[in-house]
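Chain by chain, the residues:
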Amino acid sequence: MSLQLHDHGRLRHLLTLEGLPREVLCGLLDRAQQLSGHAQDPTRVRELLAGTAVCTLFFEPSTRTRSSFQLAATRLGADVLAFDASTSSTSKGETAIDTLKNIEAMGVRGFVVRHQLDGAVAVLAEAADAGTALVNAGDGRSAHPTQGLLDMLTIRQAKGGDFAALKVVIVGDIRHSRVARSDLHALRTLGCVDIRACGPRSLLPADDTLQGCTVFDDLDAALDGVDVVMMLRLQRERMQEGLISSIDDYHRDYGLTVERLRRATPDAVVLHPGPMNRGVEIDDAVADGPQSLILRQVANGVAVRMAVLEALLA
Ligand code: CP
């Protein structure tokens, strides 16, 4: 039995999209699509996790992921416990494992965990009881699997399910991005072959993250004829680390403007995981423009997280 899957292939925890079988990934997307529609009877949906308790255990800030998991669990009828690290006993030195085990002892069966360290959620999953399920809501720069799923659902709704026919570019700080890693894992699993990666050399990973991708440092060239543009947040602390020269230079070279977007196909769509730095990696006219699917991504986040919690806990 792997940490993530039971022997019979059912999901045990959701830690990463790397190596997640295509049928499991597509099953989650299909179920999220059903749950996002109006065909579902809300009363029946509310019974799916009735009597189950889910804790959002966030050691890093979040707006979209935490809120949408809380909404998703509530819509499935679960009791939701929102853990706030800043006002908890972690400030007195209690470890993350002790925190998990104590909340688990209260009868909580599902944990949605965000942590600043790579691999921290897998360590917590190892420590959890057999009947407890964990979802990685972002660990270090490693993985953000539900973001990857909601991005794939958003692309599939806009462009159809034939990922092999799509040209996709990921732009920005890929080196430090757990979103980019989860998107890359999912795109490959779904059969996408024309994946482009674009950013300043200092913000591209030196390991094998970009294996099979075409790497560009020129955004105009990278955008040429693409169907999907996936922008990433510039993590401003990278300026202090000397990895970029200035915000103005970054916007000049890697900011997505309406004029630049014309290099993509006329019906290209633009995604961004949020939070956005408006006027830095993306201009207002693009973020709020007709090709933007940014708020569609957020809406899909609730349905994807319902599908994940149901798969793990129902
Ligand atoms: N996309 C994303 O993870 O956003 P939050 O940090 O607000 O959860």
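Here is a short report on the structure shown in this document. (Residues numbered from 1 in each chain as written. Predicted model: local features only at pLDDT ≥ 70, side-chain atom pairs only at ≥ 80, totals over all residues. Heavy atoms only, no water.)

## Points about the packing of helix α1 (residues 22-36) against helix α6 (residues 145-159)
Which entries qualify depends on this criterion: Helix axes use the C-alpha atoms of the stretch in contact, all axes being lines fitted to C-alpha atoms, and the angles between their N-to-C directions lie in the range 0 to 180 degrees. The numbering of helices and of strands both runs from the N terminus, where a helix is a DSSP run of H or I of at least 4 residues and a strand a run of E of at least 2. We call two directions roughly parallel when the angle between them is under 35 degrees, roughly antiparallel when it is over 145, roughly perpendicular when it lies between 65 and 115, and oblique otherwise. Crossings are classed by handedness, with left-handed meaning an anticlockwise turn of the near helix from the far one by less than a right angle and right-handed meaning a clockwise turn. A contact between two residues is defined here by any heavy atoms of the two lying within 4.5 Å.
Where α1 meets α6, the closest approach of the two axes is 10 Å, and the angle between their N-to-C directions is 70 degrees. Classified by the angle their axes make, α1 and α6 are roughly perpendicular. As α1 runs across α6, the sense of the crossing is right-handed. Residue-level inspection shows Leu25, Cys26, Leu28, Leu29, Asp30, Ala32, Gln33 and Ser36 of α1 in contact with α6, the latter providing Leu149, Met152, Leu153, Arg156 and Gln157.

## A few points about the pairing of strand β2 (residues 79-84)
Here is the rule we go by: By the convention used here, strands pair only if DSSP detects at least 2 bridges between them.
Here strand β1 (residues 53-58) runs beside β2; their pairing, made up of six bridges, is parallel. Each bridged residue has a counterpart across the sheet, and for Cys55 the counterpart in β2 is Leu81.

## Notes on the sheet that holds strand β8 (residues 228-231)
Taking strand neighbours across the sheet as the criterion, the five strands line up as β7-β6-β5-β8-β9 in an open arrangement whose pairing is parallel. Among the strands making up the open sheet, the edge pair consists of β7 (214-216) and β9 (269-271). Geometrically, the sheet is characterised by an average inter-axis angle of 20 degrees between neighbouring strands, direction not taken into account. Both strand β5 (residues 167-171) and β8 contribute to a ladder of four bridges, which runs parallel. Among the inter-strand pairings, Ile170 is bridged to a residue of β8, identified as Met230. Those strands touched by helix α7 (residues 178-189) are β5, β6 (194-198) and β8, and its axis lies near 165 degrees from that of β5.

## A word on helix α3 (residues 64-75)
Applicable threshold: In this analysis, the expected span of each helix is defined as 1.5 Å times one less than the number of residues it contains. Any residue under 20% of the maximum accessible area for its type is buried, any over 50% is exposed, and the rest in between are partly exposed; the area is computed with a 1.4 Å probe on protein chains only. In this context, the arc is that of the directions from the helix axis out to the C-beta atoms.
When the terminal C-alpha atoms of α3 are compared, their 16 Å separation across 12 residues agrees well with the 16 Å that a helix rising 1.5 Å per residue should span. Within α3 the residues assigned to the buried category are Thr65, Ser68, Phe69, Ala72 and Ala73. What you see down the axis of α3 is that its buried residues fit within an arc of 135 degrees, all on one side. Those residues of α3 hidden inside the fold are in contact with β1, β2, β3 (110-115), β4 (133-139), α6 and α13 (294-313). Immediately downstream of α3, the backbone of Gly77 shows phi near 90 degrees, a positive value.

## A word on the side chain of Gln4
Position of Gln4 relative to the elements: it lies in the segment before α1. Once residues within four sequence positions are removed from consideration, Gln4 is found in contact with Arg10, Leu11, Arg12, His13, Leu14, Leu15, Thr16 and Leu20.

## A short note on the packing of aromatic side chains
What counts, and what does not: Here a pair means two rings of Phe, Tyr or Trp (six-membered ring of Trp) with centres within 6.5 Å. Their orientation is stacked below 30 degrees between planes, edge-to-face above 60, and tilted elsewhere.
What the rule picks out here adds up to two aromatic pairs. Judged by centre distance (5.7 Å) and plane angle (55 degrees), the ring pair of Phe59 and Phe83 falls under tilted. Of this pair, Phe59 sits in the loop between β1 and α3 while Phe83 sits in strand β2; the two residues are 24 residues apart in sequence, bridging distant segments of the chain.

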